[in-house]
Each structure stands twice: as structure tokens, then as C-alpha cells.
There are 2 protein chains.
Amino acid sequence: MIKVGIIGVGTVGSHVVKILQENEDIITARSGKKIVPIMGIVRDTRKKRDVSIPLSSNVDDVLENPEIDIVIELMGGVDEAYQIVTRALKNKKAVVTANKALLAYHRYELRDLAGSTPIGYEASVAGGIPIIKALREGLSANHIEAIKGIMNGTCNFILTKMMNEKAEFTDVLKEAQALGYAEADPTFDVGGFDAAHKLLILASIAYGIDVKPEEILIEGIEYINSEDIYFAKEFGYNIKLLTIAKKSGNEVELRVHPALVPMKQMIAKVDGVMNGISVIGDRVGETMYYGPGAGGSATASAVVSDLIDIARHQKNSPMLGFIKPLEKSGLTLMPKNNICTQYYIRATVIDKIGVLSKISEILGKHSISIRSFLQKQDGKREECAVLLFSTHTCKEHDIQNALHELSELEFIEHKPVMIRIEE
Amino acid sequence: MIKVGIIGVGTVGSHVVKILQENEDIITARSGKKIVPIMGIVRDTRKKRDVSIPLSSNVDDVLENPEIDIVIELMGGVDEAYQIVTRALKNKKAVVTANKALLAYHRYELRDLAGSTPIGYEASVAGGIPIIKALREGLSANHIEAIKGIMNGTCNFILTKMMNEKAEFTDVLKEAQALGYAEADPTFDVGGFDAAHKLLILASIAYGIDVKPEEILIEGIEYINSEDIYFAKEFGYNIKLLTIAKKSGNEVELRVHPALVPMKQMIAKVDGVMNGISVIGDRVGETMYYGPGAGGSATASAVVSDLIDIARHQKNSPMLGFIKPLEKSGLTLMPKNNICTQYYIRATVIDKIGVLSKISEILGKHSISIRSFLQKQDGKREECAVLLFSTHTCKEHDIQNALHELSELEFIEHKPVMIRIEE
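Cut-off values and rules
Residues numbered from 1 in each chain as written. Chains lettered and ligands numbered in written order. Predicted model: local features only at pLDDT ≥ 70, side-chain atom pairs only at ≥ 80, totals over all residues. Heavy atoms only, no water. UniProt positions renumbered as here; feature names shortened; annotations may be inferred. Helix = DSSP H or I, 4+ residues; strand = E, 2+ residues; numbered from the N terminus. Rg over C-alpha atoms; globule rule 2.2 N^0.38 Å. Buried < 20%, exposed > 50% of the residue type's maximum accessible area, 1.4 Å probe, protein only. Contact = heavy atoms within 4.5 Å. Areas by Shrake-Rupley, 256 points an atom, 1.4 Å probe, with all protein chains shown as cover. Polar contact = N/O pair within 3.5 Å; in protein donor to acceptor, adjacent residues only side chain to side chain. Pairing = 2+ DSSP bridges. Salt bridge = Lys/Arg side-chain N within 4 Å of Asp/Glu carboxyl O. Nonpolar A, V, L, I, M, F, W, Y, C, P; charged D, E, K, R; others polar. Patch = residues over 30% accessible without salt bridge, like charges linked within 9 Å, V, L, I, M, F, W, Y side chains within 5 Å. Lys, Arg positive; Asp, Glu negative; His and termini not counted. Charge placed at Lys NZ, Arg CZ, Asp CG, Glu CD. Phe/Tyr/Trp six-rings, centres within 6.5 Å; stacked < 30°, edge-to-face > 60°. Lys NZ or Arg CZ within 6 Å of the ring centre and 35° of its normal. Axes fitted to C-alpha atoms, helices over the stretch in contact; angles between N-to-C directions. Domains from an automatic or database assignment. Least-squares fit on C-alpha atoms with pLDDT ≥ 70 in both. Arc of directions from axis to C-beta. Parallel < 35°, antiparallel > 145°, perpendicular 65-115°, else oblique. Left-handed = near helix turned anticlockwise from the far one by under 90°.

In the nomenclature of an unreviewed UniProt entry, chain A corresponds to Homoserine dehydrogenase from the organism Sulfurospirillum barnesii. Quoted straight from UniProt, the Catalytic activity (unreviewed entry) entry for chain A says "L-homoserine + NADP(+) = L-aspartate 4-semialdehyde + NADPH + H(+)". Heading Sequence similarities (unreviewed entry) of the UniProt record for chain A holds this comment: "Belongs to the homoserine dehydrogenase family."

Enquirer: Report on the overall build of chain A, specifying residues and quantitative values.
Expert: A count of helical and extended segments in chain A gives 15 helices and 18 strands. Its C-alpha atoms give chain A a radius of gyration of 24 Å, within 12% of the compact-globule value 22 Å for 423 residues. Along the longest, intermediate and shortest principal axes, the C-alpha atoms of chain A span 80 × 45 × 35 Å. Burial statistics for chain A: of 423 residues in total, 61% are counted as buried. Taking as baseline every contact in chain A between residues at least 6 positions apart, the subset at least 24 positions apart corresponds to 74%. Accessible surface, chain A as shown: approximately 15600 Å² in total, 49% of it carbon and sulfur.

Enquirer: Describe in detail the UniProt feature "active site" (unreviewed entry) in chain A, supporting the description with residues and values.
Expert: All names here are of chain A. The UniProt record annotates "active site" (unreviewed entry) at Lys198. Residue position: lysine 198 is located in helix H10 (residues 193–207). Exposure remark for lysine 198: the relative accessible area of 7% places this residue in the buried category. Polar contacts involving the side chain of lysine 198 include one to the side chain of aspartate 194, which spans 2.8 Å.

Enquirer: Give a description of the pairing of strand S10 (residues 251–262) of chain B that names residues and reports values.
Expert: Residues and elements named next belong to chain B. Burial runs high along S10: 11 of the 12 residues are buried. Connecting the antiparallel pair strand S9 (residues 237–248) and S10 is a turn made up of two residues, with glycine 249 showing a positive phi of about 60°. Looking at chain direction, S10 and strand S13 (residues 332–333) are connected through two bridges and run parallel. If you follow valine 252 over to S13, its bridge partner there is leucine 333. In terms of strand pairing, S10 meets strand S18 (residues 417–421) through two bridges, oriented parallel. Each bridged residue has a counterpart across the sheet, and for alanine 259 the counterpart in S18 is arginine 420.

Enquirer: Mind laying out the UniProt feature "binding site: L-homoserine" (unreviewed entry) in chain A, listing which residues take part and the relevant values?
Expert: Residues and elements named next belong to chain A. In the numbering adopted here, UniProt assigns the feature "binding site: L-homoserine" (unreviewed entry) to Glu183. Topologically, glutamate 183 is positioned in the loop between helix H8 (169–178) and helix H9 (187–190). What glutamate 183 contacts, discounting residues up to four positions off in sequence, is Gln177 and Asp189.

Enquirer: Please set out the interface of chain A and chain B residue by residue, giving values where relevant.
Expert: The partner chain B presents 53 residues to the 53 residues of chain A that form the contact. Counting every contact that joins chain A to chain B gives four salt bridges. Put simply, glutamate 137 of chain A and lysine 133 of chain B hold a salt bridge, and the shortest N to O gap is 2.7 Å. Our count for the contact surface shared by chain A and chain B stands at 27 residue pairs in polar contact (both at pLDDT 80 or more). For the side of chain A that touches chain B, the secondary structure elements donating two or more residues are helix H1 (11–22), helix H2 (24–31), helix H6 (131–138), H10, strand S12 (285–292), helix H12 (296–313) and helix H13 (324–327) of chain A. Ranked by residues supplied to the side of chain A that touches chain B, first place goes to H12 of chain A with nine residues. Considered class by class, the residues forming the side of chain A that touches chain B number 26 nonpolar, 14 polar and 13 charged.

Enquirer: Pulling in residues and values, what's your account of a negative patch on the surface?
Expert: Residue and element names in this part refer to chain A. Negative charge collects at one region of the surface, where Glu109, Asp210, Glu214 and Glu215 lie side by side. Within the element layout of this structure, glutamate 215 appears in the loop between H10 and strand S8 (217–218). Using a relative accessible area of 41% as the deciding quantity, one classes glutamate 215 as partly exposed.

Enquirer: Could you give an account of the packing of aromatic side chains, with specific residues and numbers?
Expert: Inspection of every chain in the model, using the stated rule, returns 13 aromatic pairs over all chains. Taking 6.0 Å as the distance between ring centres and 70° as the angle between the ring planes, the aromatic pair formed by tyrosine 121 of chain B and phenylalanine 322 of chain B counts as edge-to-face. One end of the pair, tyrosine 121 of chain B, is in the loop between strand S6 (119–120) and helix H6 (131–138); the other, phenylalanine 322 of chain B, is in the loop between helix H12 (296–313) and helix H13 (324–327), and 201 residues separate them in sequence. According to the relative accessible area criterion, tyrosine 121 of chain B is buried, its value standing at 1%. Residue phenylalanine 322 of chain B is classed as buried on the basis of its relative accessible area of 1%. Across from the ring centre of tyrosine 230 of chain A, 4.1 Å away, lies the NZ or CZ of lysine 376 of chain A, which sits over that ring.

Enquirer: Please provide a residue-by-residue account of the sheet that holds strand S1 (residues 2–7) of chain A, values included.
Expert: Residue and element names in this part refer to chain A. Overall, parallel pairing links the six strands, which are arranged S3-S2-S1-S4-S5-S6 in an open sheet. Two strands in the sheet have a free side with no partner beyond their single neighbour: strand S3 (55–56) and strand S6 (119–120). For strand S4 (residues 70–73) and strand S5 (residues 94–97), the ladder comprises four bridges, and the chain directions are parallel. Its bridge partner lying in S5, isoleucine 70 is registered against alanine 94. Its contacts with the sheet place H1 against S1, strand S2 (35–41) and S4, and it is angled at close to 160° to S1.

Enquirer: If you had to explain the domain arrangement of chain A to someone new, which residues and values would you point to?
Expert: In terms of domains, chain A is made up of domain 1 (2–130 + 296–327), domain 2 (134–290) and domain 3 (336–421). Just the C-alpha atoms count here: the centres of domain 1 of chain A and domain 3 of chain A sit 49 Å apart.

Enquirer: Tell me about the sheet that holds strand S1 (residues 2–7) of chain B, and please be specific about residues and values.
Expert: Picture the strands of a sheet paired through backbone hydrogen bonds; they go either parallel or antiparallel. All names here are of chain B. Strand order across the open sheet formed by six strands is S3-S2-S1-S4-S5-S6, with parallel pairing between neighbours. On the outer flanks of this sheet lie strand S3 (55–56) and S6, each paired with one strand and no other. Note: strand S2 (residues 35–41) against S3, two bridges, orientation parallel. Pairing of isoleucine 41 across the sheet is with serine 56, part of S3. Running at roughly 160° to S1, helix H1 (residues 11–22) makes contact with S1, S2 and strand S4 (70–73) of the sheet. Lying over the sheet, H12 contacts S1, S2, S4, strand S5 (94–97) and S6, oriented at roughly 160° with respect to S5.

Enquirer: Run through the relation of the copies chain A and chain B, naming residues and quoting values.
Expert: Here chain A sits on chain B after a turn of 180° about the axis and a move of 0.0 Å along it, with an RMSD of 0.0 Å. The superposition of one copy onto the other is thereby described by a two-fold rotation axis. Relative to the rotation axis, the closest C-alpha in chain A is found at tyrosine 289 of chain A, a distance of 2.5 Å.

Enquirer: Explain helix H11 (residues 226–234) of chain A to me, using residue names and the numbers behind them.
Expert: All names here are of chain A. Here H11 has its buried residues at Glu227, Asp228, Ile229, Phe231 and Ala232. The backbone nitrogen of glutamate 227 has a side-chain oxygen 2.8 Å away, supplied by the residue at the start of H11, namely asparagine 225. Immediately beyond the C-terminal end of H11, within one or two residues, lies glycine 236, with a positive phi of roughly 80°.

Enquirer: Break down helix H14 (residues 355–365) of chain B for me, citing the residues and quoting the values.
Expert: Residues and elements named next belong to chain B. All of the buried residues along H14 are Val355, Ile359, Ile362 and Leu363. Along the axis of H14, the buried positions cluster into a sector of 100°, meaning they face one direction only. Away from its buried face, by an angle of more than 90 degrees, H14 presents the exposed residues Ser357 and Lys365. Contacts made by the buried residues of H14 are with strand S14 (340–350), strand S15 (370–377), strand S16 (384–391) and helix H15 (396–407). Backbone geometry just after H14 places serine 367 at a positive phi near 60°.

Enquirer: Go over the packing of helix H4 (residues 79–90) of chain B against helix H5 (residues 100–114) of chain B with me, naming the residues and quoting the values.
Expert: All names here are of chain B. Following both chains from N to C, one finds H4 and H5 inclined at 15°, their axes separated by 11 Å at the closest point. The angle between H4 and H5 places the two elements in the roughly parallel class. Between H4 and H5 the crossing geometry is right-handed. Within the contact between the two elements, H4 uses Ala81, Tyr82, Val85, Thr86, Leu89 and Lys90 and H5 uses Leu102, His106, Glu109, Leu110, Leu113 and Ala114. Residue composition of the contact of H4 with H5, by class: eight nonpolar, two polar and two charged.

Okay, here's the thing in C-alpha cells:
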């Protein structure tokens, strides 16, 4: 029998207890052992909860409990969770966590501390989709060439609604908040930070690369509007918040930003709150993983699959996946300015003679060539026009300089908006 | 160091050797050991091959070689492969196989014989997609409610072409043969048998159910024509060869047949030679797995992932997944006649008064109610009309009886064609 303690018995924690109890038949069959939750830690033991295990507010009742084999950390946050997971590992207890922020900041320290003690973290990325397992084990024969993911359901819900209904961001955000798909302060989701945490975890498995969220390119979806949607539809794209990890030579690009993705790509077909992750391996080609990226029951499904794995294999599995020898591959983070891709630009200008030629001149000076172009009258101001265009592949550095120069022109109303295109 | 022997060094086998040699860096890092192919068995050693390992035509050089830890079986076929895998297991060698036919017929005997010796078979279903791992480990916390798969690239290529170009089956089949996507004798693929073998493997993992291909409903795509495509498009469906495993009470439906699938479902968006498998778990909901279902390199990627798993875990993993306690769940195969679903029917009739009322009367007698209806003039014969209609949910038994009765009517030209609808 394997005994587990749960630190943080909220939505996910309650579902973990439920699954262990209600699906005991298959869990015991598949793991070869009974897995029993014997203690939950909560901040307030007086609050009514729908779980049938003893609860305590003292973490020692789990961390110092010699009966407990596996500690499930579901409290969230970084610092306190790090202290708790560290103590669990020091006491030689296996750890299962759904905490992406913890891993985004401390995954390598935890790996070094854990040694042969397993740490399961399937639930930390894309909820119920077994993407960690696919990347770490299913595709283990491959050098990973690229990962492109839709890993934030809030953003995908908002962008899907905007595409389907030509609605504006602020209106759809309000709707998402009303439906419980977005927080009162939505920054962590719509700003791309949540997706960035997940990206770093996958990038460590694929590339053994140790970087912090602050080091990578992160842009949110707040500035996207119906003109961008219009252009995307016109030219056969969908707009998605993409998490991208891509190997180019000895460098790895890591970035999170909205992107125009060709409609025909499988990842462009992932709609609503769902998540999808496309992985390109050098041997297998493209595989894609799709499913619910959040929700108590789906996330708990991933937590329990980790428990079953640990029960099966004990210490024979390098659970963290980002193992030391991989770090020796010497891959480093590509500086943001060196990214090469295609770009879409929206600029609102005062509609007078010579505007277009001036803009073309500036783009040309920065080695940027236009691929497609659309001009529309501004819906709000008669004297203004909206210019929508895409570029051939060019350097981020050049685009940024060009955008800076454009934004200083007197006939440009706002700083132009740029969205990257990922073919 | 783990030493492997390969029996059958064709396309997949050569790629296995290449991956082990060319991706040695990550494979060693991820498995913790070097994995080295030391011997390949081929029928004709004089034939020139692009592999740099010693070759022999004597299987004993692998099976009786005390140095070899893992035997990779890539020869295909059932009987001889069964003999060879049996000998390998008796010699306590782990086995990795891509042979779906072998497992469709002998998976339970092999399980019982293997005991704690691992058998890896990720490559036997859906090529490079790690669906075995997802189902066996990633979703291990779930009772599986249903599996719907597109697991035959040949059929999906043909059906996608038919949908996109309104082409007829025989023409597209010829094109597929010219492109190498279909065999000279395409029966095994287009008749649904290949997909059925794969379905049985997945059904064993999900439900512990031991049935042979002959016991389940298998229908191919040969009879689908452009009228069916027309109806499907008109009513928002795609036509796919689906493999379905579905739990209803204590029974499991297992069936392979073309089906009308609503366009908006993710599985309906899997086009061309690609495979996709949707799995519904009681806790996680729907997850979907997409990728190349065939091809030497993709299939070899799956074979090598099994080798890495075995190197990591040795005997700690119930590799076969369809473990004995699951069989006690007492699930049995649902008799074909008890299937309940919606149906689409195409009937070519001589266009005269009273035809429609006669058909309606027969359907009504068998408790079948019509959901949507389309009548078209027959393109070839002016006096004929084609009736296309779908039904509400009814029993397979009733549909079969009604079709039989309809086919005996004098004004019906051919036996009506029926395609199931899977919402």
C-alpha cells in the first residue's frame, strides 16, 4: 500500500481524493498497489469541504509523518511551496506537484535535491493532457526540433470568441470573467505569464535549458483587435497565443506571444478553452496532443497518473526528465533580437498623400519586404486609414527598429501593433 | 550497455539502427545506458541494405545469443512471429514489436508467457504517436468511456481526397497506389482489417477484453461514393474510417466502419495520411492524439522509445498494459445487433409515385424514425432518384432488418447503402 498526503485540498485536491477512492479498482490493478490518501493539509480546517480524509492545518502532519510515501503539493505559489517540497524531498518522500510556477523558478534546484527520489509534475502543464509523458518518454528517441503550444485556455477562449464573433478583446474578457474562465485580475493569463511557466518546463525536458521566465520573450493578447482578426481571416490565418520552443543550431528560441497561424495547421484548429501542443521530433515528425488544459477533474487525472507511475516504478524513473547529461548539450537561449520570423503589422495613419511611400521607405531601409497588404478606412475617424500588412521573413531586431521609427512619424496615430506569423 | 538484436531489417528496422546510432547522445542521456544494435536477421543476407550492423539469416544468432538483452521483432505476419517472440521470451529476453497482427491474435498468450519480462509494442498502433503510453500510463487514473480513432492512413488519405475533390473511390485508390500509400492488394487497409487489429490492442489496455478480429464488426470504405460525400457536406459531416471502443454498462462495443462525424469534432479534422485517436476518460474528459501513423522513421521512433523505457525500468513495468486484474472487471463484447447509433442510408430507386411512402412505412415498422432527408436525381439514369437520409438513434438489429426488407422492393435498384453516424 502507498500512502499519500495532500498539501492544499482545493478543487484539484478534492478531485484527487475522489479519483483515488472512486476509481480504486483500476488504479490498484494498474499500479499493482493500493494508493490511499490519508491526510490533507488546509489553511482553515473549519471550512466545509467535500472530502472524506482527515484534515489538518499543520504541514508537519504530512511532511513528518513516517507513514506517508508521497506528498502531493497543490498549494500553488512559489516560495512557500518550494520550502515544503524541499522538506518532503529531504525526508525522502516522493513528490507530485501541479505547480508550474514552482517549477518555472526552481526545477533545477529540486532536481539536484531529489536525486533518485521521484518528482511527478504531469499536472503542471496542460492539465489532463499527458504531454510531459509524451515528451519525456513517448518521443524519447527524438531530438526535438520545435514545440508549439496553445497552453492557456483563458486566452484561447477569448481569441476563439474574437475570431468567431468579431468581438473586441475587452468585451470577450468580461464574458470570460463572468463564465469563470478568467480571473478578476487576468494579467497572469492574458499577459502570457502562465503559458511561459509551462513552456519553460517543456523546454527543460526537450533541451535541458535552464532559464527563468524573466529571460524569455513574453507578450500577451491585450492589444489584439478586430482589425487583426479581419486581416487574419482574409489571409487564411487563425490568431492564437502560442508558446514556442525551437532549436536553431546551438540556440533555443523560447517565446510566448500571439501569432497568426495558418488555418490548415492542426494547432490552429484548437478552439475554446482547450489546449493543444504540437511537437516536432527529428524522427517522428509532427505529433499533436489535445485536451482540457485546466479544471479540477482533468488536472487531478494527471496527478493520479503520476502516483500510479511512482507506485509502479519506485525509484527507477528519472521523473523530472530534464536530466543532467542533457545540460551538457550546450544549448543556449537565443537573444530575443535574433529571432527570425514573418510579421504582421497594423498601423493607423492620417490618410494623406505620401504616407505609404514613407512607410515603405522605412521598412526597406531596415531590410523588411512586404508580403501582403490591405488598407481600410478607420471605422471611427474618417480622416484616418488602417494599414494592415505582413512581411517576408526578417529579423526581430529590424522589425523593432522599424516599428520605433514608424511610431515617431507625425502622421502615425499610435505605435503600430505587431503580431508574429508562425507558418 | 543494453544490446539489441533486430529480426527483420526492412524500412522500420533500418531506421531503428539509424536512430540508435545517430541519436545516441540523447538516447544514452535519457535511458541512462548505451543501447547498441549488435545483430540483424534478414531472409537474404546478400541483398544490399543501408545498415551498419552485422546481418545473419539465422534467427538463433539473436534468439540464442546470450549477449542480447532485447529482441526487436519487425518481421510481420502472425505464426512465425509468434514462434520467434515465444522463443525470445522463454530465453528471458525482453521483446519490442511493431506487429499488430501478432498482438491482435496472441496478446494474451504472450502476456502470460512473458511474466515480468517486458514486451514493448508502442509501434504496433498509430506509428509514431505515443498512444499506447498515453492510454496505459498517461490516462491510468481513468475508466475509459470511449476511444474513437482514425488509425489507417490509407483510408484517411482516400476519404480526405474524396471529400475535398468529390472524386470517386476507385480513382482515388489508384492515385493512392501510385503514391505508395496503398498496396497493390488494398483489402487489408480499405477493408478495415488493419484498423481492427490496432483497435483490439487499445481495447485490451482500456477494458482488459480478449477478443479476436473475427468477433467484431468490421466494414471497409469500398462502397462509399460521391453521393455520400454530398450528403455529408450538406449536413456538416466528414466521413472517416473510425475504430470505436465504447463502454455501455458491462458491455464493450468494438467496431470498425466508415462513419459520418460532425465537422466540428477534433477527430473530423484529421486529414490525409495522418492518424488521430480521441480518448474519453471518466475524469479527464476528451484528449486527442495526432500524428503520422506509418512510415519507417516514425514507427522506428516508437520502437526506440520502448527500448529506452525498458533500459530505464527493467522489469518494473507491466509493459503489456492489459494486466490480469483488469480482466476480472467482467466486461464482455456487445453483440453486433445490439449497437445503438444513428444511421445514414442511400437508396437508388425508380422514381415513381408511392415509393417514398412505402419506404417510410417499412422504416416505421422497424421503429426507425427519419431525421433528415434529401432526394436527388440519379446522375446516370434519368428514371431513377437517389434518396439520402439519416435516422434518429435506433438499433443495429432494426436497421439491418429494414435494409433487408427495402432491398427486396422491386423499385429499389441496389441494396441500400448504410453508413453509421457518430455524433
